[in-house]
Amino acid sequence: MANASAFGESSPSSHSYASAASAVKLASLGLITGVSLLGNASLSLLLLKDSSLHTAPYFFLLDLCVADAVRSAVCFPFVMAAIGGGGWPYGALCCKIVAFMSVLFCFHVTFLLFCVSVTRYMAIAHHRFYHKRMSRCTCAAVICMAWTLSVAMASPPVFDVGTYEFIREEEQCTFEHRYVKANDTLGFMLMLAVVVGTTHVVYVKMLCFVYDHRKMKPAQLVPAVSQNWTFHGPGATGQAAANWIAGFGRGPTPPTLVGIRQASHGGSRRLLVLDEFKTEKRIGKMYYMITLTFLVLWAPYVSACYLRIFVRGAPVPQLYLSAAVWMSFAQAGANPIISFLFNKELRMRLRACFPSCLGTLTPTEPYCVI
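Residues numbered from 1 in each chain as written. Predicted model: local features only at pLDDT ≥ 70, side-chain atom pairs only at ≥ 80, totals over all residues. Heavy atoms only, no water.

## Notes on the pairing of strand β2 (residues 172–175)
Now for step 1: As paired elements, strand β1 (residues 164–167) and β2 share 4 bridges and run antiparallel to each other. Bridged to Tyr 164 within β2 is Phe 175.
Now for step 2: Between β1 and the antiparallel strand that follows it, β2, lie 4 residues; Glu 171 among them carries a positive phi value of about 60°. (Pairing = 2+ DSSP bridges. Helix = DSSP H or I, 4+ residues; strand = E, 2+ residues; numbered from the N terminus.)

Written out as structure tokens, the structure reads:
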């Protein structure tokens, strides 16, 4: 008792520092939660309401927004309760459930961003195949696959194949970071790093493809000159090409008309011009910025985890660890901000929701530049 009283009397500044640190953590996490819920809810409603945004890239973006919003609404309040109570105020089962959901949403974002990177590469390198195969059913299948893999990665510790514990230094329930010789959760951390690294490799491959084809000109229809049913000129490919343009074509596309999509139900034909290529490239840029932000915000925390796993008794400064954990929390609210910053069409659709901004809108062009 004497030692305890002496310690309490000799460290009033430490108590005041701990109280101030808790207040800062609560305020910052509350701000992150509010921004995440408001931003993801607004973007989700916009994507659902506007039928022109019902395309594959925005379906994936909608899924990301829903996952981040649920993470903020379900997981962050428990962290705030742990900070306010000075420890985990609930039982071990609740800790496992909260940790499972936190890890589930983290891996889901990781797997989905990898799938998006593959679809972005397909949209650039194999444009016609992408638009032919990337239907709503395909998007639903990709999203379901990402959720299934995420559940598979987050479930084993729930059944004691691994460990979910309350980490006092992090104020959250997550993997227990034990030394590598006694650590059975290392594989999960390695999987996270491998998937994020592979995603960046796909984007580098897409960048190399764009760089190699930067001098290619867009496909253009050069009209042929007809003289007694004989076609001459740069755009002439014979009667087959003329029939194909008129809507009666059969078989493969004539070589000089590659890029022209035939109308299926009498509608206007879709010309794959340079503007559309730029649109796909800029959507890819938006998703790459989301992926890069995910890497930047999670890298400090993952580095601290690896340090504690591979170095026994590694001295990780508490200030660095707290900042790393809160950066991983901030990722839940970053996607809407990045989406509006790097997507012109989303900004236009958002401004259209406010009557005061309708007068400043520009008319929508046939090819929207994103």
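Having put the structure on the table, let's press on.
## Details of the side chain of Thr 119
Now for step 1: On the secondary structure map, Thr 119 appears in helix α5 (residues 92–125).
Now for step 2: Using a relative accessible area of 7% as the deciding quantity, one classes Thr 119 as buried. (Buried < 20%, exposed > 50% of the residue type's maximum accessible area, 1.4 Å probe, protein only.)

## A word on the nonpolar core
Now for step 1: Within the largest apolar cluster, 85 residues are counted, with the highest numbers of intra-cluster contacts made by Phe 60, Leu 61, Tyr 287 and Leu 346.
Now for step 2: Discounting chain neighbours no more than four positions away, the residues touching Phe 60 are Leu 112, Val 116, Thr 119, Met 134, Cys 139, Val 142, Ile 143 and Tyr 287. (Core = buried A, V, L, I, M, F, W, Y, C linked by side-chain atoms within 4.5 Å. Contact = heavy atoms within 4.5 Å.)

## Considerations on the state of the cysteines
Now for step 1: Considering all chains together, one arrives at 1 disulfide under this definition.
Now for step 2: The disulfide that involves Cys 95 links it to Cys 173, with 2.1 Å between the sulfurs. Because the sign of the S-S torsion sets the handedness, a value of about -120° for the bond joining Cys 95 and Cys 173 places this disulfide among the left-handed ones. Placement of the pair is Cys 95 in helix α5 and Cys 173 in strand β2, with a sequence separation of 78 residues.
Now for step 3: Overall, Cys 95 belongs to the buried group, its relative accessible area being 4%.
Now for step 4: With no disulfide partner, Cys 139 has as its closest neighbouring cysteine sulfur the one in Cys 137, 9.2 Å distant. (Disulfide = S-S within 2.5 Å.)

## A short note on α5
Now for step 1: Taking 1.5 Å per residue as the helical rise, α5 with its 34 residues ought to reach 50 Å, and the 49 Å between its terminal C-alpha atoms agrees with that figure.
Now for step 2: A large share of α5 lies buried, amounting to 26 of its 34 residues. (Expected span 1.5 Å × (residues − 1).)

## As for helix α4 (residues 76–85)
Now for step 1: When α4 is considered as a whole, its buried residues turn out to be Phe 76, Val 79, Ala 82 and Ile 83. For α4, the angular spread of buried residues about the axis comes to 115°, placing them on one side. Facing away from the buried side of α4 by over 90 degrees, the exposed positions are Gly 84 and Gly 85.
Now for step 2: At the C-terminal side of α4, Gly 86 shows a positive phi close to 75°. (Arc of directions from axis to C-beta.)

## Brief notes about empty space enclosed by the protein
Now for step 1: Taken as a whole and judged by the stated rule, the model has 1 cavity of 30 Å³ or more.
Now for step 2: For the lining of the largest cavity, the elements supplying multiple residues, two or more each, are α4, α5, β2, α8 (186–212), α10 (274–310) and α11 (318–330).
Now for step 3: With 5 residues, the top contributor of residues to the lining of the largest cavity is α5.
Now for step 4: Considering only residue class, the lining of the largest cavity consists of 17 nonpolar, 5 polar and 1 charged. (1 Å grid on protein atoms, 1.4 Å probe; cavity = no way out; pocket = protein on both sides within 12 Å on 5 of 7 lines; lining within 4 Å. Points joined across faces, edges and corners; volume = space filled by probe spheres on them. Nonpolar A, V, L, I, M, F, W, Y, C, P; charged D, E, K, R; others polar.)

## With respect to the packing of helix α12 (residues 334–342) against helix α13 (residues 344–352)
Now for step 1: Look at α12 against α13: their axes get within 5 Å of each other, and the N-to-C directions meet at 100°. Considering their axes alone, α12 and α13 lie roughly perpendicular with respect to each other. Where α12 approaches α13, its residues Ser 339, Phe 340, Leu 341 and Phe 342 are matched on the opposing element by Lys 344, Leu 346, Arg 347 and Leu 350.
Now for step 2: Along the lines of polarity and charge, the residues of the contact of α12 with α13 split into 5 nonpolar, 1 polar and 2 charged. (Axes fitted to C-alpha atoms, helices over the stretch in contact; angles between N-to-C directions. Parallel < 35°, antiparallel > 145°, perpendicular 65-115°, else oblique.)

## Considerations on the pattern of salt bridges
Now for step 1: Scanning the model with the defined rule gives 4 salt bridges in all.
Now for step 2: Notably, a salt bridge pairs Glu 171 with Lys 25, separated by 3.9 Å at the nearest N-O pair. Pair noted here: Glu 171 is in the loop between β1 and β2 and Lys 25 is in helix α2 (residues 12–49), with a separation of 146 residues, a long-range link.
Now for step 3: Glu 345 serves as the salt-bridge partner of Arg 349, at 3.5 Å between the closest nitrogen and oxygen. Taken as a pair, Arg 349 and Glu 345 lie in helix α13 at a separation of 4 residues, close to a single helical turn. Residues Arg 349 and Glu 345 agree in their burial class; the two are buried.
Now for step 4: Through salt bridges with shared partners, a single network forms among Lys 25, Arg 168 and Glu 171. (Salt bridge = Lys/Arg side-chain N within 4 Å of Asp/Glu carboxyl O.)

## Digging into the packing of aromatic side chains
Within a pair of aromatic rings, the relevant descriptors are the distance that separates the centres and the angle that separates the planes.
Now for step 1: What the rule picks out here adds up to 12 aromatic pairs.
Now for step 2: With centroids separated by 6.0 Å and ring planes inclined at 25°, the aromatic side chains of Phe 78 and Trp 88 adopt a geometry described as stacked. In this pair, Phe 78 sits in helix α4 while Trp 88 sits in the loop between α4 and α5, placing the two residues 10 residues apart along the sequence.
Now for step 3: Judged by its relative accessible area of 23%, Phe 78 falls in the partly exposed class.
Now for step 4: On the numbers, 5.5 Å between centres and 75° between planes, the contact of Phe 78 with Tyr 90 is edge-to-face. Of the two residues, Phe 78 is situated in helix α4 and Tyr 90 in the loop between α4 and α5; the sequence distance between them amounts to 12 residues.
Now for step 5: The class of Tyr 90 is partly exposed, set by a relative accessible area of 39%. (Phe/Tyr/Trp six-rings, centres within 6.5 Å; stacked < 30°, edge-to-face > 60°.)

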